[in-house]
Amino acid sequence: MGYYFANFIFILTCVLFGSYIFLGLFSAVALRKYLRKNSYINYNTLVLSPLSPHVSIIVPAYNESKTVLDNIRTLLSLYYNNFEVILVNDGSTDDTFDLIKEVYELDKVNYYFDYKLPCERIRGIYKSKNPSYARLMVVDKNNGGKADSLNAGLNISRNSLVVSIDADSMIEPDSLLKLVKPFLEEKDKKVIGTGGVIRIVNSCYVEKGFIREIRIPEKILPRLQVVEYTRAFLLGRMAWSQLNGLMLISGAIGMFDKETMIKSGGYSTKTVGEDMELLLRMRRFMAEKNSEYEVTYIPDPLCWTEVPSDLRSMRKQRTRWTRGLVESLLTHKKLFMNRKYKQLGMLGYPYWLIFEWMAPLIAFAGFLYTIILAFAGLVNWPFFILIFSFVYFLAVCLSIWAILLEEITFHKYRRKMDVMKLIGVAFIEPFIYPIYTYFSVRGNIESLRGKKGWGKATRNGFEKKK
Amino acid sequence: MKNQLLLILLLLFATVFQANLTLCKPFSISSPDTTRSKKTEKIVSSDNKITISSLINLSKAHYPIQLGAFKRKSNAEALYLKIEAFFGEAVKIIEEDGYYKVRLTSRNGNNDIEYLNLVYSSDTVSDEKNDVSAKPGLDKIIVSASVPTQIRASIADSVQALSSSSYKTQNEQSAKNIQHKFIFLNNNSPWLKKFNYFGKSVALVNALIIFITGSIFTMILFLIFILLNRTRMEKEERLRQFLLEKYQGMIINYLFGDNLSDGFMTIASDKFRRQVLIDQMIDVSINLKGDAEAKLRELYLNMGLDRDSVKKAYSRQWHKKIKAFRELAYMNIRDANDEIYRCLESKNEILRIEAQIALVRLSDDNPFEFLNHLERPFSLWEQITLYELLVHHDFKVPLFHQFLSSPNDTIVMFSLRMIREYKQLDSEEYVLKVLQHNNPDVRKIAIEVTGDMRMKQALKILKKMYKNENYDNSIEILRSMGKMPDEEMLGFLKLVLDKEDDIQLQIEATKSIENMGEVGVKSLKKIMESEYKNYNIIIRHVLDKRIN
């Protein structure tokens with residue numbers, strides 16, 4: 001039994017690495033093509049054009065008093081002409097709403113709307129008395145969670161394109177220009193969603209909601225996540241989007257076709273992975289309607305977010321991600337190996353099921369098994385070292401590949417020392433993997449127990465001393 | 001605390017979960033069937049050695065004792081023949097896991113059994129005669145001490161023989177093959193004996209070593225590339241900046257000073273510098289007009305840079321074509337127009353746009369003439385780009401109604417938009433015709449344009465259309481009616497407010513009523529007073545000036 005288990009894990013690992021290498025190669029080619037094309041695109045033509053489409057940005061906020069003002073300031077100064085910002089205060093218990101109300105001189109308006117998507121009661125809709133903030137609309141509602149707030153925003157929005165962003169994220173000034181472009185291209189397929197790269201803001205020098213200097217995080221945990229995010233976004237998602245198998249547009253930033261969103265039922269309030277669940281549902285909806293569709297991906301860094309800097313917060317975040325993943329995959333189990341859904345059913349779903357959900361659990365079992373057998377004195381240590389080296393060096397190699405791609409494409413970390421630090425972290429990162437698997441196991445356990453909700457997140461705020 | 005301990009433990013074993021590959025198989029005693037395997041594992045588990053008492057128990061319990069495992073059947077048979085003389089039927093050859101195993105299947109009596117050796121733990125070998133380790137192709141051997149000395153010697157001899165002469169001759173070719181197959185290790189390698197857990201894992205071990213070496217090598221390459229690339233990029237950027245500034249000065253001196261073109265000739269010999277010079281010429285030409293522009297063009301032609309651009313225009317690489325189209329368009333050179341026309345139908349949107357821009361720039365009379373030939377859909381992105389080009393440059397704007405009969409719907413949509421943006425009021429008659437277009441998306445733009453351009457003649461048509469239009473177009477009709485308020489429409493709009501259930505339609509109808517001014521507002525207030533239906537909330541929304 002143990003023999004087969006060991007072989008199974010080994011084969012799984014080899015397939016996983018094989019797929020990483022394939023996705024990495026694929027993504028490198030796609031990135032090169034994208035960057036070359038991008039260098040000839042003048043996004044400024046969109047900035048003031050009367051022909052550019054109207055966009056609603058929905059920002060759910062729950063107890064975000066530390067970051068919300070900076071966030072609104074950043075959003076209102078985006079380079080785009082036709083957009084509105086709908087900030088949804090999800091019954092915050094701190095002074096989030098009072099702060100916004102005071103700073104932006106809010107006044108309740110007689111806004112009439114339809115509850116096309118179910119959401120908690122909306123207590124009031126506010127607009128600023130100051131015409132400079134005419135783009136801003138604030139929705140005050142009873143607490144119902146992030147998905148519920150996004151649904152409320154969708155009910156209020158009057159535009160055909162919707163951007164959902166997290167209140168703790170800072171979006172790049174030109175992000176709307178880049179996100180909207182795929183929707184303007186004439187294609188045989190309808191674009192239903194576009195996502196972009198998320199970067200880590202910890203330790204960056206931020207002033208009044210704008211990043212003045214990009215720095216590598218000082219603490220080790222956020223620094224490790226820089227490598228992880230770079231790898232995931234530049235290698236993984238880029239390739240999946242090329243295969244039309246993208247299953248997730250990060251909740252931090254994503255643009256969607258509102259009509260498809262509403263027709264497929266909006267955000268689900270029953271899961272904490274509402275971003276993944278929504279995209280799966282939208283894709284299912286389009287496939288079941290036999291409509292050709294596409295989910296696109298922009299490899300440009302569009303958004304900056306604060307990541308957990310201590311294990312406790314990280315555990316909460318990762319367990320929540322796992323719960324979201326499990327819930328989304330179980331909700332849409334119909335997709336599994338279902339030809340009707342093409343790449344999504346035959347490739348994307350099985351990959352996520354095996355390598356994103358199951359693999360950490362199997363790995364965890366492997367760790368425990370190793371520990372037990374090591375104590376029993378049954379480990380053939382030379383062979384152990386050989387296997388260890390195989391996994392370790394391949395993992396480091398993939399991380400350095402991702403850093404290299406970042407270096408030759410977007411080149412965000414200008415200081416040589418920062419890149420060296422990233423490389424250093426790539427060597428440490430494989431040792432942290434068991435922690436991630438542990439969080440994943442906990443997430444699965446919580447999911448089995450039926451735990452709901454987001455848990456309390458700790459925010460430090462964006463402002464950092466120079 | 002428990003969690004932290006677990007985490008520390010896990011940390012220690014990071015990334016090595018595969019290592020348990022090495023842990024599972026029992027060493028040398030084979031179980032007769034799978035149900036006994038657990039017992040066997042228990043006996044073996046304490047150490048690499050099997051105790052004498054364990055073997056006695058095994059013997060009593062009729063566990064088989066494996067005397068040898070061979071890859072080749074002939075070798076197994078050779079050993080079998082030697083031993084069979086003493087044990088008779090108790091000796092058997094079985095095939096298992098790709099090996100031919102010689103086993104003593106049942107023994108009676110309480111003879112002492114001495115564990116002699118585990119083949120691959122060469123450091124534990126004591127009995128020289130029984131030291132049958134390190135023989136290629138031989139996996140593991142246990143020889144019972146109860147076997148008479150004669151037989152023991154015989155086993156050892158036979159194995160020795162197999163390993164030295166007969167084995168060598170029989171397997172020479174095979175060994176060579178293996179050595180050829182694997183780069184790093186062959187069966188004889190002492191390293192392999194250390195690592196070789198599966199017994200048949202030469203390929204695996206070699207593959208792992210290849211992967212590890214490959215990863216380290218690739219990693220080092222990546223690291224070097226990262227460092228060198230950064231230095232190269234910085235250096236190239238500095239040089240480019242320096243050259244751009246230098247060439248800009250030279251061009252300005254040439255255009256407005258007394259400098260001759262001689263200085264430029266030396267630049268033309270270097271490919272990189274020539275490209276920087278062309279880029280700088282394009283940059284400067286954007287702000288030039290008249291004589292200066294002509295002089296710059298002359299310099300460009302005199303240096304033969306046009307040949308570079310034309311050559312690039314016919315390149316297979318799309319990004320080179322784009323560069324060339326830009327250069328040719330700015331320098332007004334039409335030698336590659338056929339290629340530019342060809343690229344109008346390219347699958348590559350960026351190339352298509354650049355071809356369109358180049359044709360607009362290179363055309364004297366009708367810059368949008370190419371629209372008559374365009375078969376591919378003309379995307380909104382392309383439309384926006386061309387519109388911006390028109391806005392920011394002094395091109396002759398054509399009468400866009402000439403394209404309203406185009407079979408390409410996207411061209412019709414673009415033309416409608418341009419009619420609106422350039423307020424081409426003479427096109428009203430043509431726009432009204434488009435209201436009957438087959439494509440609802442085209443009709444939608446036409447409805448928008450009638451409203452934006454206050455084409456009052458369209459009102460009656462719009463009213464007629466309302467009933468049969470889709471949701472989006474219905475909303476657009478109501479909006480357009482609001483943009484060109486007419487009291488004649490009041491009854492129709494009130495009807496929409498009353499009969500429609502959709503909030504958005506009701507709001508648009510109410511807005512249109514409100515846009516009629518005093519009459520409209522009065523009418524709305526009257527509706528608010530009536531208690532027939534609760535319209536108050538909609539009307540309050542429409543009348544709230546902070547919202548819209």
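### Observations concerning the overall build of chain A
Part 1 of the argument: Assigned secondary structure in chain A consists of 13 helices and 12 strands.
Part 2 of the argument: For 466 residues, the compact-globule formula gives about 23 Å, and the C-alpha radius of gyration of chain A, at 22 Å, lands near that figure.
Part 3 of the argument: Dimensions of chain A, computed from C-alpha atoms along their principal axes, come out at roughly 75 × 50 × 45 Å.
Part 4 of the argument: Scored against the burial criterion, the 466 residues of chain A give a buried share of 53%.
Part 5 of the argument: The long-range fraction of contacts in chain A, counting pairs at least 24 apart against all pairs at least 6 apart in sequence, stands at 80%.

### A word on the overall build of chain B
Part 1 of the argument: Each helix and strand in chain B was counted, giving 24 helices and 3 strands.
Part 2 of the argument: For chain B, the proportion of its 548 residues judged to be buried stands at 35%.
Part 3 of the argument: Across chain B, the fraction of contacts at a sequence separation of at least 24, relative to all contacts at a separation of at least 6, is 60%.

### Quick word on the nonpolar core
Part 1 of the argument: Within the largest apolar cluster, 146 residues are counted, with the highest numbers of intra-cluster contacts made by A:I57, A:V59, A:L87, A:V163, A:V180, A:I400 and A:L422.
Part 2 of the argument: A total of 20 residues in this core trace back to one element, the largest contributor, which is helix α12 (residues 381-409) of chain A.
Part 3 of the argument: Structurally, this core is a two-domain feature, drawing no fewer than three residues from each of domain 1 (42-173) and domain 2 (187-466) of chain A.
Part 4 of the argument: Of all hydrophobic cores here, the second largest spans 43 residues; its members include B:I411, B:V412, B:I445 and B:V496.

### Focus: the interface of chain A and chain B
Part 1 of the argument: Across the boundary between the two partners, chain A contributes 71 residues, which contact 62 residues of chain B.
Part 2 of the argument: Among the elements that make up the side of chain A that touches chain B, the one with the highest residue count is α12(A) (21 residues).
Part 3 of the argument: Looking at the side of chain A that touches chain B residue by residue, the class counts come to 50 nonpolar, 11 polar and 10 charged.

### Quick word on the confidence of the model for chain B
Residues and elements named next belong to chain B.
Part 1 of the argument: Scored by pLDDT, chain B has a mean of 75; 69% of the residues are at 70 or more.
Part 2 of the argument: Across residues 1-53, confidence stays below pLDDT 50; counting only partners more than four residues off in sequence or on other chains, it has 113 contacts.
Part 3 of the argument: Under a pLDDT of 50 for its full length, residues 161-183 has, in the predicted model, 27 contacts with residues more than four places off or in other chains.
Part 4 of the argument: In the model output, the complex is listed with pTM 0.77 alongside ipTM 0.87.

### A word on the pairing of strand β5 (residues 136-141) of chain A
Look at any regular strand and the pattern is simple: side chains alternate between the two faces of the sheet.
Residue and element names in this part refer to chain A.
Part 1 of the argument: Extensive coverage of β5 is indicated by the burial of 6 of its 6 residues.
Part 2 of the argument: Residues L136, V138 and D140 of β5 are buried on one face, and the alternating residues M137, V139 and K141, pointing to the opposite face, are buried as well.
Part 3 of the argument: Direction of pairing for strand β2 (residues 83-90) relative to β5: parallel, over a ladder of 6 bridges. Its bridge partner lying in β5, I86 is registered against M137.
Part 4 of the argument: The pairing of strand β4 (residues 122-128) with β5 spans 5 bridges and is classified as antiparallel. Paired with I122 across the two strands is K141, which belongs to β5.

### A short note on the sheet that holds strand β2 (residues 91-96) of chain B
Residues and elements named next belong to chain B.
Part 1 of the argument: Taken in spatial order, the 3 strands make up an open sheet running β1-β3-β2, and their pairing is antiparallel. A strand with exactly one partner marks an edge of an open sheet, and here the two such strands are β1 (65-70) and β2. The sheet shows a mean angle of 25 degrees between the axes of neighbouring strands, taken without regard to direction.
Part 2 of the argument: In this structure, β2 lies alongside strand β3 (residues 99-104), joined through 6 bridges in antiparallel fashion.

### Here's the deal with the domain arrangement of chain A
All names here are of chain A.
Part 1 of the argument: For chain A, the domain assignment lists domain 1 (42-173) and domain 2 (187-466).
Part 2 of the argument: With centres defined by C-alpha atoms, the gap from domain 1 to domain 2 works out at 26 Å.
Part 3 of the argument: At the junction of the two partners, domain 1 supplies 31 residues and domain 2 supplies 31 residues.
Part 4 of the argument: Elements with a contribution of two residues or more to the side of domain 1 that touches domain 2: α3 (68-76), α5 (146-156), β6 (161-165) and β7 (169-171).
Part 5 of the argument: Ranked by residues supplied to the side of domain 1 that touches domain 2, first place goes to α5 with 6 residues.
Part 6 of the argument: Per-class residue counts for the side of domain 1 that touches domain 2 are 10 nonpolar, 11 polar and 10 charged.

### So, unusual backbone geometry
Residue and element names in this part refer to chain B.
Part 1 of the argument: A positive phi angle, close to 55 degrees, is found at N332, a residue other than glycine.
Part 2 of the argument: When you line up the elements, N332 lands in the loop between α12 (318-330) and α13 (337-343).
Part 3 of the argument: Under the C-beta neighbour-count criterion, N332 is labelled partly exposed, with 14 such atoms within 10 Å.
Part 4 of the argument: For K423, which is not a glycine, the phi torsion comes out positive at approximately 45 degrees.

### Concerning the sheet that holds β7(A)
Residues and elements named next belong to chain A.
Part 1 of the argument: Judged by pairing direction, the sheet is mixed, and its 10 strands sit side by side in the order β3-β4-β5-β2-β1-β6-β11-β8-β12-β7 without closing on themselves. With one partner strand each, in any of the chains shown, β3 (106-109) and β7 form the two edges of the open sheet. Mean inter-strand twist for the sheet, computed between neighbouring axes without regard to direction, equals 30 degrees.
Part 2 of the argument: Strands in contact with helix α4 (residues 96-103) are β1 (55-61), β2, β3, β4 and β5; relative to β2, the strand with the most contacts, it is inclined by about 145 degrees.

### Considering α4(A)
Residue and element names in this part refer to chain A.
Part 1 of the argument: Of the residues making up α4, those classed as buried are T96, F97 and I100. Along α4, the residues classed as buried sweep out an arc of 95 degrees about the axis, all on the same side.
Part 2 of the argument: Contacts made by the buried residues of α4 are with β1, α3, β2, β3 and β5.
Part 3 of the argument: Of the residues one or two after α4, E105 is the one with positive phi, at around 45 degrees.

### Examining the environment of B:V442
Residues and elements named next belong to chain B.
Part 1 of the argument: Of note, V442 is situated in helix α18 (residues 440-452).
Part 2 of the argument: Using a count of 18 C-beta atoms within 10 Å as the deciding quantity, one classes V442 as partly exposed.
Part 3 of the argument: Between the C-alpha atom of V442 and that of Q241, which follows or precedes it by 201 residues, the distance is 48 Å.
Part 4 of the argument: Setting aside residues up to four positions removed in sequence, V442 forms contacts with D409, V412, M413, V434 and H437.

### Overview of the packing of α12(A) against helix α13 (residues 416-449) of chain A
Two packed helices can be described by the angle between their axes and the distance between those axes.
Residue and element names in this part refer to chain A.
Part 1 of the argument: Contact geometry of α12 with α13 gives a least axis separation of 8 Å together with a crossing angle of 155 degrees. Classified by the angle between their axes, α12 and α13 sit roughly antiparallel to one another. The chirality of how α12 crosses α13 is right-handed. In this structure, α12 contributes Y392, A395, V396, S399, I400, I403 and E407 to the contact, and α13 contributes V419, L422, I423, A426, F427, E429 and P430.
Part 2 of the argument: For the contact of α12 with α13, the per-class residue count stands at 11 nonpolar, 1 polar and 2 charged.

### Comments concerning helix α22 (residues 503-514) of chain B
Residues and elements named next belong to chain B.
Part 1 of the argument: Relative to the 16 Å expected for 12 residues at 1.5 Å per residue, α22 spans 16 Å between its end C-alpha atoms, a close match to the ideal helical length.
Part 2 of the argument: Buried within α22 we find Q506, I507, E508, A509, T510, K511, S512 and I513.
Part 3 of the argument: Where the residues of α22 are buried, they touch α20 (471-483), α21 (490-499), α23 (518-529) and α24 (536-543).

### Observations regarding the packing of helix α7 (residues 220-242) of chain A against α12(A)
All names here are of chain A.
Part 1 of the argument: Here α7 crosses α12 at 75 degrees, and the two axes come no closer than 9 Å. Between α7 and α12, the angle falls in the class roughly perpendicular. Together, V227, T230, R231, L234 and L235 of α7 and L398, S399, A402, I403, L405 and E406 of α12 make up the contact between the two elements.
Part 2 of the argument: Split by residue class, the contact of α7 with α12 holds 7 nonpolar, 2 polar and 2 charged.

### A word on the environment of A:V419
Part 1 of the argument: You can see A:V419 is positioned in helix α13.
Part 2 of the argument: Once the C-alpha coordinates of A:V419 and A:E406 are considered, the two residues, 13 residues apart in sequence, prove to be 10.0 Å apart.

### So, the environment of B:A268
Residues and elements named next belong to chain B.
Part 1 of the argument: As for its placement among the helices and strands, A268 is situated in the loop between α8 (262-267) and α9 (271-286).
Part 2 of the argument: What makes A268 partly exposed here is the crowd of 15 C-beta atoms within 10 Å.
Part 3 of the argument: Separated by 10 residues in sequence, A268 and I278 have C-alpha atoms that sit 9.9 Å apart.
Part 4 of the argument: With residues near it in sequence (within four places) discarded, A268 still touches R274 and M303.

Conventions and cut-offs
Residues numbered from 1 in each chain as written. Chains lettered and ligands numbered in written order. Predicted model: local features only at pLDDT ≥ 70, side-chain atom pairs only at ≥ 80, totals over all residues. Helix = DSSP H or I, 4+ residues; strand = E, 2+ residues; numbered from the N terminus. Rg over C-alpha atoms; globule rule 2.2 N^0.38 Å. Buried ≥ 20, exposed ≤ 12 C-beta atoms within 10 Å, placed from the backbone. Contact = placed C-beta atoms within 7 Å. Core = buried A, V, L, I, M, F, W, Y, C linked by C-beta atoms within 7 Å. Domains from an automatic or database assignment. Nonpolar A, V, L, I, M, F, W, Y, C, P; charged D, E, K, R; others polar. pLDDT = per-residue confidence, 0-100. Pairing = 2+ DSSP bridges. Axes fitted to C-alpha atoms, helices over the stretch in contact; angles between N-to-C directions. Arc of directions from axis to C-beta. Parallel < 35°, antiparallel > 145°, perpendicular 65-115°, else oblique. Left-handed = near helix turned anticlockwise from the far one by under 90°. Expected span 1.5 Å × (residues − 1).

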